[in-house]
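Architecture and fold: a report
Residue-level listing of the chains:
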Amino acid sequence: KAPSREALFTLYKGEELTVLSHAKSFPGFPPKSLVLSLVDNERYLELRRFGLYTEGALLGILVALSIFGWYSYVANKDRAGLLYGIWISFSLFQILTLMSQDGSHFAEFMVNINERYIGVVTFVGLHFNIAAYGQITFYFLFASAYLQIARYFPKTQLLIYVLITYFLTHMLLTMSV
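Okay, the overall build of the protein chain next. Summing up its helical and strand segments, the protein chain has six helices and four strands in all. For the protein chain, the N- to C-terminal ordering of α and β elements is α-α-β-β-α-β-β-α-α-α. Looking at the protein chain residue by residue over its 177 residues, the buried ones come to 27%. A separation of at least 24 residues holds for 57% of the contacts in the protein chain among residues at least 6 apart in sequence. When the accessible surface of the protein chain is summed, it comes to about 13,300 Å², and 65% of that surface belongs to carbon and sulfur atoms.

Take the nonpolar core next. Among the nonpolar cores identified, the biggest contains 16 residues, and Leu59, Leu62, Leu83, Tyr84, Trp87, Ile88 and Phe142 are the most heavily contacted of them. Among the elements of the structure, α1 (41-76), α2 (79-96), α4 (123-146) and α6 (154-176) are those that each provide at least two residues to this core. Looking at this core element by element, the count peaks at eight residues for α2. What Leu59 contacts, discounting residues up to four positions off in sequence, is Leu92, Ile95 and Leu96.

The subject of this paragraph is the packing of aromatic side chains. Inspection of every chain in the model, using the stated rule, returns eleven aromatic pairs. A centroid spacing of 6.2 Å and a plane angle of 85° characterise the contact between Trp70 and Tyr73, whose relative ring orientation is edge-to-face. Placement of both Trp70 and Tyr73 in helix α1 is noted, with a separation of three residues, approximately one turn of the helix. On the basis of an interplanar angle of 70° and a centroid distance of 5.7 Å, the ring pair of Tyr84 and Trp87 is categorised as edge-to-face. Residue Tyr84 and its partner Trp87 are located together in helix α2, separated by three residues, close to a single helical turn.

What follows is about the side chain of Gln157. Note that Gln157 resides in helix α6. A residue is classified by how much of its surface remains accessible, and Gln157, at 6% relative accessible area, is buried. If sequence neighbours within four positions are ignored, Gln157 has contacts with Ser144, Ile149 and Ala150.

Another aspect to go through is α2. For α2, built from 18 residues, the straight-helix expectation of 26 Å at 1.5 Å per residue is met to within 8% by its first-to-last C-alpha distance of 26 Å. Every buried residue of α2 is accounted for by Ala80, Gly81, Leu83, Tyr84, Gly85, Trp87, Ile88, Ser91, Leu92, Gln94, Ile95 and Leu96.

Along the polypeptide, Ser91 turns up in helix α2. With residues near it in sequence (within four places) discarded, Ser91 still touches Leu62 and Gln135.

All right, on to the packing of α2 against α4 then. Here α2 crosses α4 at 155°, and the two axes come no closer than 8 Å. The orientation of α2 relative to α4 falls into the category roughly antiparallel. Between α2 and α4 lies a crossing whose hand is left-handed. Among the residues forming the contact of α2 with α4, the class breakdown is 17 nonpolar, five polar and one charged.

The next thing to look at is the confidence of the model for the protein chain. Scored by pLDDT, the protein chain comes out at a mean of 83, with 83% of its residues at no less than 70. In the model of the protein chain, helix α3 (residues 105-109) stands out as the element of lowest mean pLDDT, 65, in contrast to helix α5 (residues 149-152), which has the highest, 95.

Attention now goes to the packing of α1 against α2. In contact at an axis separation of 8 Å, α1 and α2 are set at 160° when each is read in the N-to-C sense. Relative to α2, the element α1 lies roughly antiparallel. When the axes of α1 and α2 are compared, the crossing they make is left-handed. From α1, Glu55, Leu58, Leu59, Leu62, Val63, Leu65, Ser66, Phe68, Gly69, Trp70 and Tyr73 reach across to α2, where they touch Gly81, Leu82, Tyr84, Gly85, Ile86, Ile88, Ser89, Ser91, Leu92, Ile95 and Leu96. Of the residues assigned to the contact of α1 with α2, the class counts are 15 nonpolar, six polar and one charged.

Scoring rules and cut-offs
- Residues numbered from 1 in each chain as written.
- Predicted model: local features only at pLDDT ≥ 70, side-chain atom pairs only at ≥ 80, totals over all residues.
- Heavy atoms only, no water.
- Helix = DSSP H or I, 4+ residues; strand = E, 2+ residues; numbered from the N terminus.
- Buried < 20%, exposed > 50% of the residue type's maximum accessible area, 1.4 Å probe, protein only.
- Contact = heavy atoms within 4.5 Å.
- Areas by Shrake-Rupley, 256 points an atom, 1.4 Å probe, with all protein chains shown as cover.
- Core = buried A, V, L, I, M, F, W, Y, C linked by side-chain atoms within 4.5 Å.
- Phe/Tyr/Trp six-rings, centres within 6.5 Å; stacked < 30°, edge-to-face > 60°.
- Expected span 1.5 Å × (residues − 1).
- Axes fitted to C-alpha atoms, helices over the stretch in contact; angles between N-to-C directions.
- Parallel < 35°, antiparallel > 145°, perpendicular 65-115°, else oblique.
- Left-handed = near helix turned anticlockwise from the far one by under 90°.
- Nonpolar A, V, L, I, M, F, W, Y, C, P; charged D, E, K, R; others polar.
- pLDDT = per-residue confidence, 0-100.

Printed below as a string of structure tokens:
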């Protein structure tokens with residue numbers, strides 16, 4: 001009997017294993033199916049290491065872009081610089097809350113918010129969704145300010161506002177279910 005959900009054992013060639021499992025469903029999610037998987041631990045750890053390297057590289061790039069964006073705004077005091085800084089900050093926050101094959105590293109390394117729920121939505125999932133919708137919203141706002149779409153293409157600017165309204169409505173509806 002293994003009390004952990006990640007039992008570690010060695011299975012040699014020609015040996016058989018019988019796995020019996022007892023599962024408890026999360027609140028708000030009725031159980032529909034259960035799939036047990038056996039994973040080669042060495043390969044899993046290598047994949048996890050690669051994921052951490054990739055996430056670290058993305059965070060490094062976004063920290064540099066965020067510093068540049070906020071410096072640009074402070075130096076120039078323009079609307080495009082402000083929206084760029086906000087957009088890149090949302091991107092940084094989204095990478096921090098990114099879910100991978102082994103969970104959210106923000107929740108693992110910085111703040112312990114794993115297994116915490118707001119209704120049926122996990123706290124990490126809520127942060128990720130807010131970051132994702134904030135990123136797409138501020139990207140459209142930044143792009144329209146940088147390209148001065150309102151001045152040269154007012155109908156396109158109206159379409160951008162309609163899209164932003166759609167994204168925010170979609171966020172509210174999907175997060176309230």
